[in-house]
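# Architecture at a glance
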Amino acid sequence: MAEERRGSWFGFGFCGFGQALGSGRGRQVHSPEPLETPGPGADVCRVSASWSYTAIVTRGGQVQLSGAAGGAAGGCRDAWASEALLVVLRAGPAVGSRPELQAWAPGSALRGEPLWTHTLVSEAEREDAAGGEPQARALPLLPGARAYVSPRPPFYRPLAPELRARRLELGGEHALLLDEAGQVFSWGQGRHGQLGHGTLEAAPEPRLLEALQGLPMAEVAAGGWHSVCVSETGDIYVWGWNESGQLALPTRSLAEDGKTISREAGWPSEGDSDVRTVGSEDGAPAPFIAIQPFPALLDLPWGAEAAQASCGSRHTAVVTKTCT
């Protein structure tokens, strides 16, 4: 029987700090290039990219940093990179011991003592308490889905047990949570409409997105100041800041460059969002949307259905279910 071949990881874009392992420094990577593995035969299972560095985790428990932050450590199960903090989930020092969450300064090279540590409930204990098999969760959502880690103090933040989180994403100033029923909750700062509640007000605690009730979601993603979710049927909903066209809605910055995105139908009205105008090529006012404060359905070209979405600070990427 032929050995199964695992997928490969690729890096591209600005790599002035050498963020993509093996790319070198001070250059742009204009097309996807394979990431250099941390060692011979190393099997990469997780990549977490921040602006200036990348954390790469192998199935053997090795984490290696590449870019403005360097260093490596063993015994790791997951890692989450941000400019303020590097969070590492490490196995306990002995068989059967509890896993430990560690927060490091990115420039520490994973040497010395971490800034903060927290011992988690072991998977065996969690399985006994829940009466079933534990499910794997990706940072920043912690194993057991009862808390998450933040890049700002307090680093460990518990979640209300009734939320039953399946996925959690952190934006620049807000958080999105997808629960087991496919409902979406948001909280944090809302001055760019990124919470999706129809206002620009902050929400200190998780609040259900009423506009999406009755529409089960499969994925959520949080950008710097915008949000995206994918429904179980492959529809995409977007909301928040649209300054750079990250919502694929008409925006002034693109209109001024002559790149206004046209939509076949359904412009939001002035009462629905922060709609302004800018002169078009023929001199007539053209609408643009600076802030979309509640979820808007976005149609993909050729009727494609979405499978996953990911947000950068001011851009959005979508993977479709089939090739178009």
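Going by the structure above, here's the rest.
The following paragraphs examine the structure supplied in this document. Position numbers for residues start from 1 in each chain and track the written sequence from start to end. In keeping with the model being predicted, local features are shown solely for residues with a pLDDT of at least 70 and side-chain atom pairs are shown and tallied solely at 80 or more, while totals for entire chains, interfaces and linings include all residues. The basis for every side-chain value is the complete set of non-hydrogen atoms in the structure, without hydrogens or water.

## Overview of the packing of aromatic side chains
By convention, a stacked pair of Phe, Tyr or Trp rings (six-membered ring in the case of Trp) has centres within 6.5 Å and planes under 30 degrees apart, an edge-to-face pair has planes over 60 apart, and any other such pair is tilted. For the structure shown, the criterion picks out 4 aromatic pairs. With a centroid separation of 5.9 Å and 65° between ring planes, the pair formed by Tyr-148 and Trp-187 is classed as edge-to-face. Highlighted residues: Tyr-148 in strand S11 (residues 147-149) and Trp-187 in strand S15 (residues 184-188), separated in sequence by 39 residues. Side by side, Tyr-148 and Trp-187 carry an identical accessibility label, which is buried. On the basis of an interplanar angle of 90° and a centroid distance of 5.7 Å, the ring pair of Trp-225 and Trp-241 is categorised as edge-to-face. Placement of the pair is Trp-225 in the loop between strand S17 (217-222) and strand S18 (226-231) and Trp-241 in strand S19 (residues 236-241), with a sequence separation of 16 residues. A run of H or I in DSSP counts as a helix once it spans at least four residues, and a run of E counts as a strand once it spans at least two, with each numbered from the N terminus. The classification of residues rests on relative accessible area computed with a 1.4 Å probe and restricted to protein chains. Under 20% of the type maximum is buried, over 50% is exposed, and intermediate values are partly exposed.

## As for the environment of Ser-52
Of note, Ser-52 is situated in the loop between strand S3 (44-49) and strand S4 (53-58). Sequence spacing of Ser-52 and Ala-68 is 16 residues, and the spatial spacing of their C-alpha atoms is 5.5 Å. With near-sequence residues (within four places) excluded, Ser-52 lies in contact with Phe-17, Gln-19, Ser-66, Gly-67, Ala-68 and Glu-83. Pairing of N or O atoms within 3.5 Å defines a polar contact, subject to two protein rules: one partner must be a possible hydrogen donor and the other a possible acceptor, and residues neighboring in sequence count only if both atoms are side-chain atoms. One polar contact links Ser-52 to Glu-83, side chain to side chain, over a distance of 2.9 Å. By definition, residues are in contact when any of their heavy atoms lie within 4.5 Å.

## As for the side chain of His-192
Mapped onto the elements of the fold, His-192 is located in the loop between S15 and strand S16 (203-208). The exposure class of His-192 is buried, given its relative accessible area of 16%. Sequence-distant contacts of His-192, that is, excluding residues within four places in its chain, are made with Leu-200, Trp-225, Gly-240, Trp-241 and Ile-291.

## Some remarks on the sheet that holds strand S6 (residues 71-73)
Strand order in the open sheet made by the 4 strands is S3-S4-S5-S6, with antiparallel pairing throughout. Each edge of the open sheet carries a strand with a single partner, namely S3 and S6. Between one strand axis and the next, the sheet turns through 15° on average, direction left out of account. Here 5 bridges tie S3 to S4, and the two strands are oriented antiparallel to one another. Opposite Val-47, over in S4, you have Ile-56 as the bridge partner. For two strands to be treated as a pair, DSSP must find no fewer than two bridges joining them. Working convention: axes come from line fits to C-alpha atoms, limited for helices to the stretch in contact. Angles between N-to-C directions cover 0 to 180 degrees.

## Here's the deal with the sheet that holds strand S10 (residues 116-119)
Taken in spatial order, the 4 strands of this open sheet run S7-S8-S9-S10, and their pairing is antiparallel. Both outer strands of the open sheet, strand S7 (76-81) and S10, are each paired with one neighbouring strand and no more. Sheet twist, expressed as the mean angle between neighbouring strand axes with direction ignored, is 15°. Relative to strand S8 (residues 86-90), S7 runs antiparallel, the two sharing 5 bridges. When the bridges of S8 are listed, Ala-79 appears paired with Val-88.

## Focus: unusual backbone geometry
Most peptide bonds take the trans configuration, and most residues that are not glycine carry a negative phi. Backbone torsion omega between Leu-139 and Pro-140 reads 15°, so that peptide bond is classified as cis. Here Pro-140 shows up in the loop between helix H1 (123-130) and S11. Following Pro-153, the chain continues to Pro-154 via a peptide bond in cis, the omega torsion being -5°. Within the secondary structure layout, Pro-154 lies in the loop between S11 and strand S12 (156-158).

## Topic: the side chain of Ser-186
If you trace the backbone, Ser-186 turns up in strand S15. Engagement of the side chain of Ser-186 in a polar contact is seen with the backbone oxygen of Leu-195, the distance being 2.7 Å. Setting aside residues no more than four positions away along its own chain, Ser-186 makes contact with Ala-175, Leu-176, Leu-195, His-197, Ala-203, Glu-205, Pro-206, Arg-207 and Leu-209.

## Let's talk about the pattern of salt bridges
Salt bridges are counted wherever a side-chain nitrogen of Lys or Arg sits within 4 Å of a carboxyl oxygen of Asp or Glu. All told, the structure shown has 7 salt bridges when counted by the stated rule. Taking the shortest distance from any N to any O, the salt bridge between Arg-46 and Asp-78 comes out at 2.7 Å. Highlighted residues: Arg-46 in strand S3 and Asp-78 in strand S7, separated in sequence by 32 residues. For Asp-78, a relative accessible area of 7% translates into the label buried. In this structure, Glu-173 and Arg-191 form a salt bridge, with 2.6 Å as the shortest nitrogen-oxygen distance. Taken together, the residues span a long stretch of sequence, with Glu-173 in the loop between strand S13 (165-170) and strand S14 (174-179) and Arg-191 in the loop between S15 and S16 at a distance of 18 residues. Residue Arg-191 is classed as partly exposed on the basis of its relative accessible area, which comes to 47%.

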